[in-house]
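Fold and geometry: a report
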Amino acid sequence: MWNQIPSLQSLKLFDAVVRHHSMTRAAKEMAISQSAVSQMIRQLEDFVGVSLLDRSTRPMGLTEAGHEFHRTVIETLGRLASTVEDMRKAGNGQNNVVTVSCNLGCATYWLMPRLNYFSAAHPEISVHVMAAYQGAAGLHDGSDIALRYGDGKWPDGPWELLLKETIVPICSPDYLERHGLAKNLEDLSSRRLIHVAVQDPEWLGWESYFKALGRRRSREACDLRFGNYVQAVQSALTGDGIMLGWRSVVADHIAAGQLTPACQMPVHLDSGYYVNVHYPLDDDGGKAQFLSWLKAEASKTPDF
């Protein structure tokens, strides 16, 4: 069995490359040379027998197999890290662990990039993230804190608003340089738009965006469609077209200069991310401190 599993080092390295969209930055994080990163990724692809990275794009993207493999990697490494940390805490007579449940998009794009800062400030508190690929997060799965997107009117409440959502058309700086800002809805309607095809009634796509601004768009011949938001973000990063950016997902990309608004026509939604907490909060303050930190981070998330 063990000869069918890649090395832990190669999995950690693959995750670093995906997170940074760059072998150079991944090499810096892992404290090895860029050539060593490239060689190890090639060895990993040879091991699994498929290409994981799409090297024809800039920044580097993932192949279809790469998306599936990365999802499995982060879930597996996350469970392993959580189990080891829980065992350490138990061995030291401590139980200061906070379990958070949310959807995969929230975990990947909003929560996980911020967790290092919380861990640095509170090394005594271990955070276990339970990311659901599908379905709504809740406290029924044993989590202490749940984050869920919607209108907050769910029967398993009470739910408290954490982050109000905004959507705005976004693109790469390279696309913006080549095509310029969309001057109005008619101009935007004529561009190549990137769609995400999901079976979620809470998800608002381009049709809903144009409807909210009083227009109906019929032209879609040259548009691009993807099965999940991760693929759509990768396509936008490579300059393929304009996608509909959600505040909770792309605010950090915009702050880092990787993506930029394609027009000045945001739509502020009534929905957003809500938080539910398993009361009473722990006496040692770990869960209360994490909840307070969540609220502070939400308030600092840039809006459009």
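Residues numbered from 1 in each chain as written. Predicted model: local features only at pLDDT ≥ 70, side-chain atom pairs only at ≥ 80, totals over all residues. Heavy atoms only, no water.

1. Thoughts on the state of the cysteines
Here the structure, examined in full by the defined rule, presents zero disulfides. Free cysteine: C102, not disulfide-bonded; nearest cysteine sulfur from C106 at 4.4 Å. Not engaged in a disulfide, the cysteine C263 finds its nearest cysteine sulfur in C171; these two sulfurs lie 9.0 Å apart. (Disulfide = S-S within 2.5 Å.)

2. Here's the deal with the nonpolar core
Counting residues in hydrophobic clusters, the biggest one holds 56 residues, and the most contacted among them are L111, I145, L188, Y209, F290 and L294. Among the nonpolar cores identified, the runner-up in size contains 20 residues, and L13, M30, V73 and L77 belong to it. (Core = buried A, V, L, I, M, F, W, Y, C linked by side-chain atoms within 4.5 Å. Buried < 20%, exposed > 50% of the residue type's maximum accessible area, 1.4 Å probe, protein only.)

3. Details of the packing of aromatic side chains
Evaluation of the coordinates by the stated rule reveals eleven aromatic pairs. Between Y149 and W246, the aromatic rings sit 5.5 Å apart at their centres with planes inclined by 80 degrees, giving edge-to-face as the arrangement. On the criterion of sequence distance, the pair formed by Y149 in strand β5 (residues 145–150) and W246 in strand β9 (residues 242–246) is long-range, its members being 97 residues apart. The buried category is assigned to Y149, whose relative accessible area is 14%. Residues F290 and W293 carry aromatic rings whose centres are separated by 5.4 Å and whose planes lie at 35 degrees to one another, so their mutual orientation is tilted. One end of the pair, F290, and the other, W293, are both in helix α11 (residues 286–300), three residues apart, so they sit about a helical turn from each other. Like F290, the residue W293 is buried in the burial classification. Three or more aromatic residues joined by ring pairs make a cluster, and in this case those are F118, F290 and W293. If you follow R148 out to its NZ or CZ, it ends over the ring of W154, 4.9 Å from the centre. (Phe/Tyr/Trp six-rings, centres within 6.5 Å; stacked < 30°, edge-to-face > 60°. Helix = DSSP H or I, 4+ residues; strand = E, 2+ residues; numbered from the N terminus. Lys NZ or Arg CZ within 6 Å of the ring centre and 35° of its normal.)

4. Structural notes on the pattern of salt bridges
All told, the structure shown has nine salt bridges when counted by the stated rule. Between D174 and R178 there is a salt bridge, with the nearest N and O atoms lying 3.0 Å from each other. Highlighted residues: D174 and R178, both in helix α6 (residues 173–179), separated by four residues, approximately one helical turn. For D174, a relative accessible area of 41% puts it in the partly exposed group. You can call R178 partly exposed: its relative accessible area is 46%. (Salt bridge = Lys/Arg side-chain N within 4 Å of Asp/Glu carboxyl O.)

5. A closer look at helix α2 (residues 23–30)
Helical geometry: 3.6 residues make up each α-helical turn, so side chains three or four residues apart lie on a common side. Among all positions in α2, only M23, A26, A27 and M30 are buried. For α2, the angular spread of buried residues about the axis comes to 100 degrees, placing them on one side. Looking at the buried residues of α2, the elements they touch are α1 (8–20), α3 (34–48) and β1 (53–54). Backbone nitrogen of T24 and a side-chain oxygen of the N-cap are separated by 3.2 Å at the start of α2; the cap is S22. Residue A31 follows α2 closely and has a positive phi angle near 60 degrees. (Arc of directions from axis to C-beta. Contact = heavy atoms within 4.5 Å. Polar contact = N/O pair within 3.5 Å; in protein donor to acceptor, adjacent residues only side chain to side chain.)

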